[in-house]
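Overview (structure and organization)
Listed here are the chains, written in short residue letters.
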Amino acid sequence: MDKGFPRVEIDLEALRHNVSTVVKMCADQGVEVAGVIKGVTGIPQAAAAFAESGVKYIASSRLEQIEDAINYGIHKPMMLIRIPMLSEVKDVIRLTALSLNSELEVLEALNKEAAAQNKTHKVILMADLGDLREGFWGTEDMVEAALKVENEMDNLELAGVGTNLGCYGSILATNEKLQELVDIAEAIEAKIGRELEFISGGATSSLMRVFDGDLPERVNFLRVGEAILNARDLDVYFGYDMSMFRQDVFTLRAEVIEVKDKPTYPQGEFSVDAFGKKPVYEDRGIRKRALVAMGKVDYGSDYHEIFPHNKDIRVIGASSDHTILDVEDMTEPLGVGDILDFGINYASMVYVTNCRNVKIVFKNPGI
Ligand SMILES: *Cc1c(COP(=O)(O)O)cnc(C)c1O
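Residues numbered from 1 in each chain as written. Predicted model: local features only at pLDDT ≥ 70, side-chain atom pairs only at ≥ 80, totals over all residues. Heavy atoms only, no water.

**What about the nonpolar core?**
Core analysis: the biggest nonpolar cluster contains 101 residues, and Leu15, Phe50, Ile188, Leu207, Phe250, Leu252 and Phe342 have the highest contact counts within it. Here this core gets eight residues from one element, more than from any other, and that element is helix 1 (residues 12-27). For this core, the domains that each give at least three residues are domain 1 (12-237) and domain 2 (250-363). (Core = buried A, V, L, I, M, F, W, Y, C linked by side-chain atoms within 4.5 Å. Buried < 20%, exposed > 50% of the residue type's maximum accessible area, 1.4 Å probe, protein only. Helix = DSSP H or I, 4+ residues; strand = E, 2+ residues; numbered from the N terminus. Domains from an automatic or database assignment.)

**Some remarks on the site of the ligand**
Lining the immediate environment of the ligand, one finds 14 residues, of which Lys38, Thr204, Arg223, Gly225 and Glu226 sit closest. Contacts to the ligand include Arg223, whose side-chain N or O atom sits 2.9 Å from a nitrogen atom. The contact in question runs from an oxygen atom of the ligand to an N or O atom on the backbone of Gly225, over 2.8 Å. Coverage of the ligand by the protein chains reaches 91% of its 380 Å² of free accessible surface. Within the shell around the ligand, the residues separate by chemical class into six nonpolar, three polar and five charged. (Near = heavy atom within 4 Å. Polar contact = N/O pair within 3.5 Å; in protein donor to acceptor, adjacent residues only side chain to side chain. Areas by Shrake-Rupley, 256 points an atom, 1.4 Å probe, with all protein chains shown as cover. Nonpolar A, V, L, I, M, F, W, Y, C, P; charged D, E, K, R; others polar.)

**Some thoughts on the domain arrangement of the protein chain**
A common way to report how large an interface is uses the accessible area buried once the components associate. Taken domain by domain, the protein chain comprises domain 1 (12-237) and domain 2 (250-363). The gap between the C-alpha centroids of domain 1 and domain 2 is 37 Å. With twelve residues of domain 1 at the contact, the number on the domain 2 side is twelve residues. Taking both sides of the interface into account, the surface hidden between domain 1 and domain 2 amounts to around 1100 Å²; carbon and sulfur atoms contribute 61%. If you look at where domain 1 meets domain 2, you find zero salt bridges. (Contact = heavy atoms within 4.5 Å. Buried area = accessible area lost by both parts, 1.4 Å probe. Salt bridge = Lys/Arg side-chain N within 4 Å of Asp/Glu carboxyl O.)

**Section: the packing of aromatic side chains**
The final tally for this structure, using the stated rule, is seven aromatic pairs. Where Phe211 meets Tyr240, the ring centres are 5.4 Å apart and the plane angle is 70 degrees; that geometry is what we call edge-to-face. Of this pair, Phe211 sits in helix 8 (residues 204-212) while Tyr240 sits in the loop between helix 10 (233-236) and strand 10 (250-263); the two residues are 29 residues apart in sequence, bridging distant segments of the chain. Overall, the relative accessible area of 16% leaves Tyr240 in the buried class. Ring pairs connect the aromatic residues Tyr57, Phe198 and Phe221, which therefore count as one cluster. The positively charged end of Lys296 is found above the aromatic ring belonging to Phe275, 4.4 Å away from the centroid. (Phe/Tyr/Trp six-rings, centres within 6.5 Å; stacked < 30°, edge-to-face > 60°. Lys NZ or Arg CZ within 6 Å of the ring centre and 35° of its normal.)

**Quick look at the packing of helix 6 (residues 139-152) against helix 7 (residues 175-192)**
At a minimum axis separation of 10 Å, helix 6 and helix 7 run at an interaxial angle of 40 degrees. Between helix 6 and helix 7, the crossing angle belongs to the class labelled oblique. The two elements helix 6 and helix 7 cross, and the hand of that crossing is right-handed. Counting all contacts with helix 6, which are made through Thr139, Met142, Val143, Ala146, Leu147 and Glu150, the residues of helix 7 involved are Ile184, Ala187, Ile188, Lys191 and Ile192. Residues of the contact of helix 6 with helix 7, tallied by class, amount to eight nonpolar, one polar and two charged. (Axes fitted to C-alpha atoms, helices over the stretch in contact; angles between N-to-C directions. Parallel < 35°, antiparallel > 145°, perpendicular 65-115°, else oblique. Left-handed = near helix turned anticlockwise from the far one by under 90°.)

**Re the environment of Tyr346**
Residue placement: Tyr346 occurs in helix 12 (residues 346-352). Among the residues examined, Tyr346 registers a relative accessible area of 25% and is labelled partly exposed. Counting along the chain gives 43 residues from Tyr346 to Tyr303, while the straight-line C-alpha distance between them is 13 Å.

**A closer look at the state of the cysteines**
Going through the model one piece at a time under the given rule, you end up with zero disulfides. Of all cysteine sulfurs in the structure, the one in Cys167 sits closest to Cys26, which takes part in no disulfide; the separation is 17 Å. On the accessibility criterion, Cys26 (0% relative accessible area) is buried. (Disulfide = S-S within 2.5 Å.)

**Regarding the pairing of strand 15 (residues 339-344)**
Bridge count between strand 10 and strand 15: four bridges; the pairing is antiparallel. For Arg253, the partnering residue across the bridge sits in strand 15 and is Asp341. As judged from the three bridges shared by strand 12 (residues 306-308) and strand 15, these two strands associate in the antiparallel manner. Paired with Phe307 across the two strands is Gly343, which belongs to strand 15. (Pairing = 2+ DSSP bridges.)

Here you go:
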């Protein structure tokens, strides 16, 4: 079964290239990088490519992925970037060196558990600067929490402050926004009388400031996943030149199971589709269509998130296990049993790498 379809091929050399490229770009501006592996479901071979190419931490939102990386033999320090559940505090201390936090109750639990395990655990306090996901709201609360960690929690080390932008509220990581984070850091530093190790200014969405050279000087740490894995978002949504990155780390491959000329407009009385939706169908007459044996179960509910390599192919619909392609404009012949290749983006990557139906094949394992 392991050589079957659908499959996602992961080019580890391309991945290592992208990790090194981000690490170098950031290093040139005094910024260290945590390599975020959650987009690729923490697949250990991919995590290893991150570790081999110069990141400071391996980071994930999921402790299972971090544990897999450790068991695979990756020795980089690990970082939890989704604020911890109270119910996982033991494992946070056991598995990671650093975590992002926004709740005093959790910080107290981490401190207690770190003492029990005879460890010191680093924490970054998250500031919500308006994107409205995680983080302290307001400088005052944040400074107060920082003082508590610094003065009352002996087994925690206040390593710095951080923020996340663009994930929920779609807020841009502008120079001004990130300067707000630096201001909070300096308010804390004034109270604790020392410099913080990290000012962690965000994710791929903050990498634009590195590209533009207008990252506030004191921001010295980013947590990057997408720009390394897909290198697509900054190109597609923001028009950045990503030509120094490999955009072909992932290839999704599926097998053709039917090729027929059929009408493009369904015939009969309309109701709802397999997912209870009422899609709109465009009548383009009779056209050649192909079915591939891959569907929403494999890549998520939106078939617009997979991209045929052959530009003459259009994805026109999908159900759980089938994807329907318009292949009328293809110049080469297509038959049952043929394999078609697709690019993916973040939205489909998180599914295809996390689906037991999709085989994972590595190219260029290298080192
Ligand atoms: C997911 C995540 C990241 C990485 O995001 P990318 O867009 O993949 O670079 C960084 N920080 C936090 C807190 C995250 O949740």
